[in-house]
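Structural overview
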Amino acid sequence: MLHIYRTTARSKRALIGYGHIRQILVPPTGRQQRSPLCWPIRHCSANVRTFDTMLSTRRAEARKSILVQVSSERSYNELYHYCSQFGTIQSSHHYRVDGDGDGDCHYILLEFGSSAEADAAMQSGVFSTERPGVRARSIFLWFRTGPKPKLIAQEEPKRSLALIDGTQPIQEAELNGLLTAAESIDDQVTVLHRVTKLNDLGKRLRFLAVRQLESSLQGMFPQAVAHPFGSSVNGYGRMGCDLDVIMDLDSRSGEPPDRTSRLVYHTKATNPNERTQVQRQLESIGDVLQLFLPGVNSVRRILKARVPIVKYHHEHLDLEIDLTMNNTAGVYMSELLYLFGQLDARVRPLTFCVRRWAQSVGLTNQTPGYWITNFSLTMLVMYFLQQLARPVLPSINRLIQLSASCPPQSSAPVTRFGEGETEWAYTFLKNPSIYGSFRSENEATLEQLLVQFFEFYSQFDFSQRAISLNLGSTILKPDHSPMYIVNPLETVLNVSKNVNLEETELFRMQVRNAVWLLQAHGKETGAPTEPWGLVSLFGPKQQERITPQMFFTKRLLNVKDIFDEVPADAPTQYRNPAVKSQVAAIQRATKAELHKLGAGGGGGSSNRTGGVEPRTSSPMEGTGVKLKRNTKRR
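Presented here is an overview of the structure given in this document. (Residues numbered from 1 in each chain as written. Predicted model: local features only at pLDDT ≥ 70, side-chain atom pairs only at ≥ 80, totals over all residues. Heavy atoms only, no water.)

Let's talk about a nonpolar patch on the surface
Put simply, the rule is: The patches described consist of residues with a relative accessible area above 30% and no salt bridge, like charges being joined within 9 Å and nonpolar side chains (Val, Leu, Ile, Met, Phe, Trp, Tyr) within 5 Å. Where accessible areas are quoted, they stem from the Shrake-Rupley method and a 1.4 Å probe; at the residue level, only the protein chains shown are allowed to cover. The working definition used for a salt bridge is a side-chain nitrogen of Lys or Arg within 4 Å of a carboxyl oxygen of Asp or Glu. Each helix is a run of H or I in the DSSP string that is no shorter than four residues. Each strand is a run of E no shorter than two, and both are numbered from the N terminus. Accessibility here uses a 1.4 Å probe with only protein chains present; expressed as a share of the type maximum, an area under 20% marks a residue as buried, one over 50% as exposed, and anything in between as partly exposed.
Among the surface-exposed residues, Val134, Leu291 and Phe292 lie close enough to one another that they form a single nonpolar patch of about 310 Å² accessible area. Positionally, Phe292 belongs in helix H9 (residues 274–292). On the accessibility criterion, Phe292 (44% relative accessible area) is partly exposed.

Written as structure tokens, this is what we have:
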């Protein structure tokens, strides 16, 4: 619905107004009679999807889908009629990938009614004799030109394209137009979340990449499972975000074997050093990706990092993917953030707004460095919502207590992977009842929460206190890190260890500046044509990076900088005649002493015989220090 609206907005920009904003604000539940200002956003309903249910649904969609490259979206009718012979097409989505010089590449994602129908369509494909290469069967195909259609008119497809050009993020100018047309900052935050979050097509494409990884390795490793984590699945991803995947080659390693079977597989001995073993496995998987998988290119192996990783680009999905192994903490952290987002509907819009603000003022960067990451910012938002007088989110310890008092309603088996994982991850994350156990009594709007967030951290003592989401309060910092956020999974680690003192001070400056901007650029205080609210907060003037050096002077000082430089030939001016006479007396005395020293250090006195007396060591007048003098021979 959003992208159909955006297509209309491009052709009729002058029509952007409150009526168009309402189309975005009203949730797709059929309650169109409600005003967006009356739409309840206090908390989600109890009948929400859990993290495992969401993953299972997305995996099932990917299992029933294929991706077909076409000449343009106009090829959809012909593609629909051709693929309908394999089964019922449930949905279809179009998107475009920018090409180099041969034009853009167009793709259509087709979802069938069952996985068997999708397999039938994939099995019907053939290999091209015009394009040499490794013959690998996959879900990525292209629709070649067929015989000319008959002159009779073809009937329209029963299901039209759900999206056209559905992966393009909204442009900055168009976003500012939507934000300016909103009625309040509260509506602006909601609009920002709705138009910039990862849409349904983006999630489908990411799970297609997960399916390709699994299917490429399951021939040798039948229990191999790829676990997506990060912003792609935790509900905080924006359009164009990367995909993070953990590959588990043996997802059932922890299950007890069948004692009745007498046949046992031979296995290869592993390296006793687990890190070395992971590095070698990732290196081999990187070779498989680069040599055999269609669409994969630009494979980079970063194996010496703290967490070994393989990065690659998928040209058909226009997606950057990071692949790692044995780092299951990322999956549990994603599930925890997903749970926080499901407990209250204000969590995700507020987080989106803060992260967008941090990007606009230069606090975050895509490349690794000393600056604050999006994950650290998300932790700051979560803690802020925990410490309010009426908390919007409970602490993790409180969630564990609520989970113990709410036993699971169903005894469905929990899918576990890895060994030695933190036990608390199973105490409440895998309990479906936890999603409906907490209801916040805080009725603050998104605008109020945003201003309170900036005010809270403008006064926060980062020099002495550390943030703990487990306790929902602060503790004394265990070390001297400028910013300390306790890792909820491994409490001995600091999430923001990379942030240096300069970036911490910059964060404090920017939150103070944000408070002033929101107060000075309200809709009722400024002119109708001036930017207000989030537009002033994200405006181009905020792109200029502020550094602490702009406000602090150098700590080291040269002594000569204290005195004024006076030319050597300039006469000295004295205000007091007495001082002038004293200085003259000191100068005369000094010259006399210098003359005596010069006379005593001259040549030796001649004797009557015309010889020269030998020079000996003689004490300096008034000092008792003997000066050694050279003896001059005849």
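Focus: the pattern of salt bridges
One side chain can pair with another of opposite charge once the charged atoms of both are near each other. Going through the model one piece at a time under the given rule, you end up with 19 salt bridges. Note that Asp104 is salt-bridged to Arg96, the shortest N-O span being 3.0 Å. Judged by its relative accessible area of 37%, Asp104 is partly exposed. Put simply, Glu335 and Lys430 hold a salt bridge, and the shortest N to O gap is 3.1 Å. Placement of Glu335 in helix H10 (residues 329–343) and of Lys430 in the loop between helix H14 (424–428) and helix H15 (446–458) is noted, with a sequence separation of 95 residues between them. Across the pair, Lys430 and Glu335 agree in class, each one buried.

Some points on the environment of Gln188
Quick reminder of the rule: In what follows, a contact means two residues having at least one pair of non-hydrogen atoms within 4.5 Å.
Within the secondary structure, Gln188 sits in helix H7 (residues 185–196). Separated by twelve residues in sequence, Gln188 and Asn176 have C-alpha atoms that sit 9.8 Å apart. When sequence neighbours within four positions are dropped, the list of residues in contact with Gln188 reads Leu179, Thr180, Ala182, Trp532, Gly533, Leu534 and Val535.

Some thoughts on the side chain of Asn470
Mapping Asn470 onto the fold places it in the loop between strand E10 (465–468) and strand E11 (473–476). Relative accessible area serves as the criterion here: at 12%, Asn470 is assigned to the buried category. Residues in contact with Asn470, not counting those within four places in the same chain, are Ser395, Ile396, Asn397, Asn487, Pro488 and Thr491.

A closer look at the packing of aromatic side chains
Aromatic ring pairs are defined here through the distance separating the ring centres and the angle between the ring planes. The criterion, for reference: Within 6.5 Å between ring centres, the rings of Phe, Tyr and Trp (the latter by its six-membered ring) count as paired, and their orientation is classed by plane angle as stacked under 30 degrees, edge-to-face over 60, tilted in between. Whether a charge lies above a ring is judged from NZ of Lys or CZ of Arg, which has to be within 6 Å of the ring centre and within 35 degrees of the ring normal.
Summed over all chains, the structure comprises 19 aromatic pairs. Aromatic side chains Phe456 and Phe460 sit 5.8 Å apart centroid to centroid with 50° between the ring planes, which places their arrangement in the tilted category. An aromatic cluster is built from Trp357, Tyr383, Phe384, Phe453, Phe454, Phe456, Tyr457, Phe460, Phe462 and Phe507, whose rings are joined through pairwise contacts. The lysine or arginine in question, Arg348, covers the ring of Tyr338, its NZ or CZ lying 5.3 Å from the ring centre.

Re the sheet that holds strand E9 (residues 319–325)
Sheet strands associate in pairs through backbone hydrogen bonding, adopting either a parallel or an antiparallel arrangement. Spelled out, the test is: For two strands to be treated as a pair, DSSP must find at least two bridges joining them. Simply put, an axis is a line fit to the C-alpha atoms, just over the touching stretch for a helix, and the angle between two N-to-C directions goes from 0 to 180 degrees.
An order of E5-E6-E9-E8-E7 is seen for the five strands of this open sheet, with the pairing classed as mixed. Bordering the open sheet on either side are strand E5 (225–229) and strand E7 (296–302), each of which pairs with just one other strand. Ignoring which end each strand starts from, the neighbouring axes of this sheet average 25° apart. Of the strand pairs in this sheet, E7 and strand E8 (residues 309–314) are connected by five bridges, and their pairing is antiparallel. Looking at E8, one finds that Asn297 is bridged to His313. Contacts from H9 reach strand E6 (243–248), E7, E8 and E9, with the element oriented near 145° to E9.

With respect to the pairing of strand E2 (residues 89–97)
If a strand is regular, its side chains alternate between the two faces of the sheet. Across the nine residues of E2, eight count as buried, placing the element largely inside the fold. Pairing analysis gives eight bridges linking E2 to strand E3 (residues 105–112), with the strands arranged antiparallel. What sits directly across from Val97, in E3, is Cys105.

As for the packing of helix H6 (residues 172–180) against H7
The angle between the axes and the distance between the axes are what describe a pair of packed helices. Under the convention used in this document: Each crossing gets its handedness from the near helix: less than a right angle anticlockwise from the far helix is left-handed, clockwise is right-handed. Each residue receives one of three labels: charged for Asp, Glu, Lys and Arg, nonpolar for Ala, Val, Leu, Ile, Met, Phe, Trp, Tyr, Cys and Pro, and polar for the others, Gly being one of them.
Close contact between H6 and H7 brings their axes to 9 Å; oriented N to C, the two are set at 145°. When the axes of H6 and H7 are compared, the crossing they make is right-handed. Listed contacts from H7 to Leu175, Leu178, Leu179 and Thr180 of H6 are Gln188, Val191, Leu192, Val195 and Thr196. The residue inventory of the contact of H6 with H7, partitioned by class, reads six nonpolar, three polar and no charged.

Digging into the pairing of E11
Looking at chain direction, E10 and E11 are connected through four bridges and run antiparallel. By the bridge assignment, Arg465 is partnered in E11 with Leu476. Adjacent in sequence and paired antiparallel, E10 and E11 are bridged by four residues, among which Gly472 carries a positive phi angle near 70°.

What about the sheet that holds strand E1 (residues 65–70)?
The four strands lie next to each other as E2-E3-E1-E4, forming an open sheet whose pairing is mixed. Two strands close off the open sheet at either side, each with one partner strand: E2 and strand E4 (140–142). Between one strand axis and the next, the sheet turns through 25° on average, direction left out of account. The strands touched by helix H4 (residues 76–83) within the sheet are E1, E2 and E3, with E3 carrying the most contacts at an inclination of about 35°. Seen against the sheet, helix H8 (residues 200–217) touches E1, E2, E3 and E4 and runs at an angle of roughly 95° to E2.

Here we look at empty space enclosed by the protein
The condition that has to hold: The rule is simple: put a 1 Å grid over the protein atoms alone, call a set of points where a 1.4 Å probe fits but cannot get out a cavity, call an open set with protein on both sides within 12 Å along at least five of seven lines a pocket, and count a residue as lining if it has an atom within 4 Å of a point. Grid points are joined across faces, edges and corners, and a volume is the space filled by probe spheres set on the points. Source of the domain bounds: an automatic or database domain assignment.
In total, this model carries one cavity of 30 Å³ or more according to the counting rule given. Of the voids in this model, the largest cavity is the one considered here, and its volume is about 30 Å³. Taken together, Arg58, Glu61, Ala62, Ser65, Leu109, Arg204, Phe207 and Leu208 make up the full set of residues lining the largest cavity. Of all the secondary structure elements, the ones that give two or more residues to the lining of the largest cavity are helix H3 (51–63) and H8. Along the lines of polarity and charge, the residues of the lining of the largest cavity split into four nonpolar, one polar and three charged. Both domains that furnish three or more residues to the lining of the largest cavity are identified here as domain 1 (51–147 + 156–167) and domain 2 (173–252 + 275–330).

Some words on the nonpolar core
Counted only if it meets this: Only buried residues count toward a nonpolar core, which is a set of Ala, Val, Leu, Ile, Met, Phe, Trp, Tyr and Cys residues joined through side-chain atoms within 4.5 Å.
Grouped together as the largest cluster of nonpolar side chains are 119 residues, with contacts concentrated most on Phe340, Trp357 and Phe507. Ranked by size, the runner-up nonpolar core spans 15 residues in total, among them Val68, Ile89, Ala121 and Leu161.

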